[in-house]
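# Report on the structure
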Amino acid sequence: MLKIENLHAAVDGKPILKGLSLEIAPGEVHAIMGPNGSGKSTLSYVLAGREGYEVTEGSATFAGQDLLAMEPEERAVLGVFLAFQAPVELPGVGNANFLRTALNALRRAKGEAELDAMQFLKLARTRMKTLGMTDEMLKRSVNVGFSGGEKKRNEMLQMSMLQPRLALLDETDSGLDIDALKLVADAVNALRGPDFSALVITHYQRLLTHIVPDRVHVLAGGVIVRSGGPELAQELEASGYAGVQDGTPSKRSFDGSPVAA
Amino acid sequence: MTAVASTGAAAFLGRHEGLRNRLPGARVAWVEALRERGASAFRAQGFPTRRVEAFKYTDLAGVAGQVFGEPLTSVDDAPALPDATHPRAVFVDGRFRPDLSTLGELPFAVRSLAEALPNLEGRIGALARPEDAALVALNTMLFEDGLVVDVPAGVDGGTIELLSLAAESERAPAFHPRHLVRLGEGATLTLIETAEGPLNARYLHNPVFEIEVAEGARLSHGRVQQEGREAFFLSTVRARVAARATYDNFTLNAGARLSRNEIHVALTGPEAQAHMNGAQLAGDGQHLDTTTSLDHAAPNCASRQTYKTVLSGRSRGVFQGKIHVHQVAQKTDGYQMNQALLLSEEAEMDSKPQLEIYADDVKCSHGATVGALDADQLFFLRSRGIPEPQARAILVGAFLTEAVEAVAEEDVRAALSRALDAMRARQGLAAGLEEA
Ligand SMILES: Nc1ncnc2c1ncn2[C@@H]1O[C@H](COP(=O)(O)OP(=O)(O)O)[C@@H](O)[C@H]1O
Ligand SMILES: [Mg+2]
């Protein structure tokens, strides 16, 4: 269970999250929508433990543990996984080597047997196939020379290899065509089960037709201003954030991007 | 003759004075004359101070202030040897040790300089002139031995190793080997040089290399400087590369308390090439300096340099790189990149690229960066469950990779990767990445 209570966080002394509360029960998938700049990525970074995001008030626990007191790698061992909105490039670090290193670091920390190179490759190839990735992407440096869509798939590959218990997907659907979007959704749905929770940050309702959320929340001005069932996503897509954005009603769809009907 | 406990240039000059009748070639007139040239040049220059432009960032006062022991080393020490992968010449305290060497049958001549000396007139000091550099002058007046390699025209010499060891001792020896390498027209050779010694022994290793690569020949020279942490390593390489010939140098500069790694290459015939890459890894208390100069003295030549420095603890790195393009050297293609990664607040890097271009139709570029580890990359790795020290090591490895991957010769690349991993482990930056 992810439990966020009255979370306040600031970047460079500037308050971004201003009292955010949210609970995700085991087995549930929640979606967060909201205008650009409302603090969605900030929330995901705070939960994953990125430096420079200062929590000034409130708490966040997962599986009964105080997330905010843990190092990023400890959170990963606990099962937290962040799919980055802008995946990081690592020139000089081979994708396969990176993946095996990460997987074995987690397995080691959990007292599980490490995978040798053969076992690893077999697993990676299986997972890549389901994500429509080519073997050649294992040989390249992490995300270097990858297209936007390839980077997002690579994040999903990491997720499906590392098997998190809490996945935070920060706009993983942006820039994906409909086929890639389905593959991403399949990767998430494959993990769904009683011991898996996810927080899906998105602008688009269309992802949520493939990953059907249990709850949808609207984040605006650093707080959750509205929550509802999956139908809320459709409503928002039709009407924009007018009425949910504090003070500044707007008729445009979220960030002005075209919206699939 | 008992050694007086004096220091600095005077001590070395006194040593030359005292040993002149016992050094190799003592009764050979031209050798005596050459040593005399060395002595008078060293007398005139002394140890360069920081007022000398080329030594602005590297202070030799620490070397000058040391008392070094008897230079004529005993020959009975038999230190433990690392495994050899190729035919290998072993030197202990600057002396060739045939008993420890495993050269076998080679298709070319490999000799001890001390033995071959009478036949080397005109060859020693031809490229590395004592008048041009104080450390070469010091070497010239006191060299005792060295490796002489001659690969005849057209011969593929394969790979050989040159291992220089310092013996475990209290003597704080100073040794000044002089190595000569000559490749005939179209010959090829891979030379892997390793300099190492006991972790906590104090000694001075001051090797000078004179390297001639004739037309169309190719020398790949991999160097691993992993001397002990109290050692002083002052090394000079001077290479002359003829038309269509290639000289590849990769230097891993990682050991020693103070290391000055000078590499001077002259491209003297059309279409000659030089690839000079290197990595420096300095831990707490180390000062590592790589100083290169490239003389483009003929048209249509190309040079490539990539140097990477990683500094941790209270350490200092220096890179000075000069590219001199002579007026005749039209269509020169020169590239130099030097990058430093600072892993601690107390580490310091000085870099000084220098282009002097006297031809008008050339392509020359250089760049330098100094920075810390990328916070986003570090967070990304940690967010995937990789502990921070390992994540840092992975990023350090990635930073160094570019320079190592620029090494064309596989034997050299493999040896360097191994050495690099070992040196990183010594500095708490053990290779973080598992192979898949
Ligand atoms: N590293 C940062 N430095 C300064 N401001 C930041 C930083 N990250 C986010 N912000 C600011 O915080 C606010 C929320 O940003 P973000 O969490 O990225 O929003 P969203 O993901 O909802 O678009 C924005 O006003 C943004 O400019
Ligand atoms: Mg965002």
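Preceding block: the structure.
Quantities reported herein were computed from a predicted structural model and do not represent experimental measurements.

All names here are of chain A. For strand S3 (residues 29–33), a buried count of five out of five residues is recorded, marking the element as mostly surrounded by other parts of the structure. Alternating residues of S3 divide into Val29, Ala31 and Met33 and His30 and Ile32, and every residue in both groups is buried. Here S3 pairs with strand S10 (residues 197–201) via four bridges, running parallel. Along S10, the bridge assignment pairs Ala31 with Val200. Bridge count between S3 and strand S11 (residues 215–220): four bridges; the pairing is parallel. Looking at the pairing, Ile32 lines up with His217 of S11.

The next point concerns the interface of chain A and chain B. Contacts between chain A and chain B engage 38 residues on the former and 22 residues on the latter. Three residues, A:Glu73, A:Asn97 and A:Thr101, lead the burial of chain A against chain B; their summed loss comes to 24% of the area buried on that side. Applying the counting rule to chain A against chain B returns six salt bridges. Linking B:Asp376 and A:Arg50 is a salt bridge whose minimum nitrogen-to-oxygen distance equals 2.6 Å. In this assembly, chain A and chain B are joined by 12 residue pairs in polar contact (both at pLDDT 80 or more). Of all the secondary-structure elements, those providing two or more residues to the side of chain A that touches chain B are helix H1 (40–48), helix H2 (72–78), strand S6 (80–83), strand S7 (90–94), helix H3 (95–109), helix H4 (117–130) and helix H6 (148–162) of chain A. For the side of chain A that touches chain B, the element with the highest residue contribution is H3(A), accounting for 10 residues. Residue classes in the side of chain A that touches chain B are distributed as 23 nonpolar, six polar and nine charged.

Conventions and cut-offs
- The residue numbering used here restarts from 1 in each chain and proceeds along that chain's sequence as written.
- Think of it this way: whatever chain is written first is A, whatever ligand is written first is 1, and the rest follow in order.
- Reporting in this predicted model follows two pLDDT cut-offs: at least 70 for local features of residues, and 80 or more for side-chain atom pairs to be given and counted; totals over whole chains, interfaces and linings ignore these cut-offs and use all residues.
- For side-chain calculations, the full set of non-hydrogen atoms in the structure is used, while hydrogens and water are omitted.
- Think of it in three bands: residues with accessible area under 20% of the maximum for their type are buried, residues over 50% are exposed, and the middle band is partly exposed, with areas taken using a 1.4 Å probe on protein chains only.
- Under the scheme used here, helices are H or I runs from DSSP no shorter than 4 residues and strands are E runs no shorter than 2 residues, and both carry numbers assigned from the N terminus.
- Pairing between strands requires that DSSP locate at least two bridges from one strand to the other.
- Residue contacts are defined here by distance: any two heavy atoms, one from each residue, within 4.5 Å place the two residues in contact.
- The term buried area denotes the loss of accessible surface (1.4 Å probe radius) that occurs when two parts are joined, taken as the sum for both partners.
- Any Lys or Arg side-chain nitrogen found within 4 Å of a carboxyl oxygen on Asp or Glu counts as a salt bridge.
- Under the rule applied, a polar contact is a pair of N or O atoms within 3.5 Å (in protein, one hydrogen donor and one hydrogen acceptor; residues adjacent in sequence only if both atoms are side-chain atoms).
- Polarity classes work like this: nonpolar for Ala, Val, Leu, Ile, Met, Phe, Trp, Tyr, Cys and Pro, charged for Asp, Glu, Lys and Arg, and polar for all others, with Gly in that last group.

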